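# Structure at a glance
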Amino acid sequence: GVINLRGNIVPIIDIRFALSLPQQSKPEQIIIVKHGPILLGIIVDSVTEVASVPESNFLPLPSDSTGRTRYFKSMVQREGAAAGLLDIDHLFSAVKLA
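So, a few notes on the structure that sits alongside this text. (Residues numbered from 1 in each chain as written. Predicted model: local features only at pLDDT ≥ 70, side-chain atom pairs only at ≥ 80, totals over all residues. Heavy atoms only, no water.)

Before going further, it helps to examine the overall build of the protein. Counting its regular elements, the protein contains 1 helix and 7 strands. Considered along the principal axes of its C-alpha atoms, the protein spans approximately 40 × 30 × 25 Å. By the burial criterion, 22% of the 98 residues in the protein qualify as buried. Nonlocal contacts in the protein, meaning residues at least 24 apart in sequence, comprise 38% of its contacts between residues at least 6 apart. For the protein, the accessible surface area stands at approximately 6,900 Å², while carbon and sulfur atoms represent 54% of it. The distance from the centre of the 9 positive side-chain charges to the centre of the 9 negative ones in the protein is 6 Å. (Helix = DSSP H or I, 4+ residues; strand = E, 2+ residues; numbered from the N terminus. Buried < 20%, exposed > 50% of the residue type's maximum accessible area, 1.4 Å probe, protein only. Contact = heavy atoms within 4.5 Å. Areas by Shrake-Rupley, 256 points an atom, 1.4 Å probe, with all protein chains shown as cover. Lys, Arg positive; Asp, Glu negative; His and termini not counted. Charge placed at Lys NZ, Arg CZ, Asp CG, Glu CD.)

Turning next to the sheet that holds strand 2 (residues 8-13). Spatial strand order, 1-2-4-3: 4 strands in an open sheet with mixed pairing. Only two strands of the sheet have a single partner each, and these edge strands are strand 1 (2-5) and strand 3 (29-35). Each strand axis lies, on average, 35 degrees off the axis of its neighbour in the sheet, ignoring direction. In terms of strand pairing, strand 1 meets strand 2 through 4 bridges, oriented antiparallel. (Pairing = 2+ DSSP bridges. Axes fitted to C-alpha atoms, helices over the stretch in contact; angles between N-to-C directions.)

Spatially, the 3 strands line up as an open sheet ordered 5-6-7, and their pairing is antiparallel. Each edge of the sheet is formed by a strand with only one pairing partner; in this case those strands are strand 5 (58-59) and strand 7 (81-86). Where strand 5 and strand 6 (residues 72-78) come together, 2 bridges link them in antiparallel fashion. The partner of Leu-59 across the bridge, within strand 6, is Met-75.

Moving on: the pairing of strand 2. Hairpin geometry of strand 1 and strand 2 is characterised by an intervening segment of 2 residues between the two adjacent antiparallel strands and by a positive phi of about 50 degrees at Arg-6. The pairing of strand 2 with strand 4 (residues 38-44) spans 2 bridges and is classified as parallel. Of the residues in strand 4, the one forming a bridge with Ile-13 is Ile-42.

Here is a general trend for soluble globular proteins: nonpolar side chains tend to be buried in one another's company. One finds Ile-15, Leu-40, Ile-42, Leu-91 and Phe-92 to be the most contacted residues of the largest nonpolar core, which totals 13 residues. Every element with two or more residues in this core is listed here: strand 4 and helix 1 (88-94). By residue number, the principal contributor to this core is strand 4, which donates 4 residues. (Core = buried A, V, L, I, M, F, W, Y, C linked by side-chain atoms within 4.5 Å.)

Set out below in structure tokens:
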């Protein structure tokens, strides 16, 4: 689909297929990603926090024989929780946007 964001038509994609995740029946939120000239909305389950993380906090990805981490650059450890940092270049290439 698409949305109108401050006068800009922004395509919305669901990247679950690329991450090998099951389809969500009712998406609730969209994050907006600007990558070079591309402005894109990505459907997400939820957003719990937006944070700036120094590159020194990036950790290597764990070994993965399933390929599920192929769209991630690294892991970030914060306050007892871990999060994956998406590789936007690789992801956009996979969905034929860049």
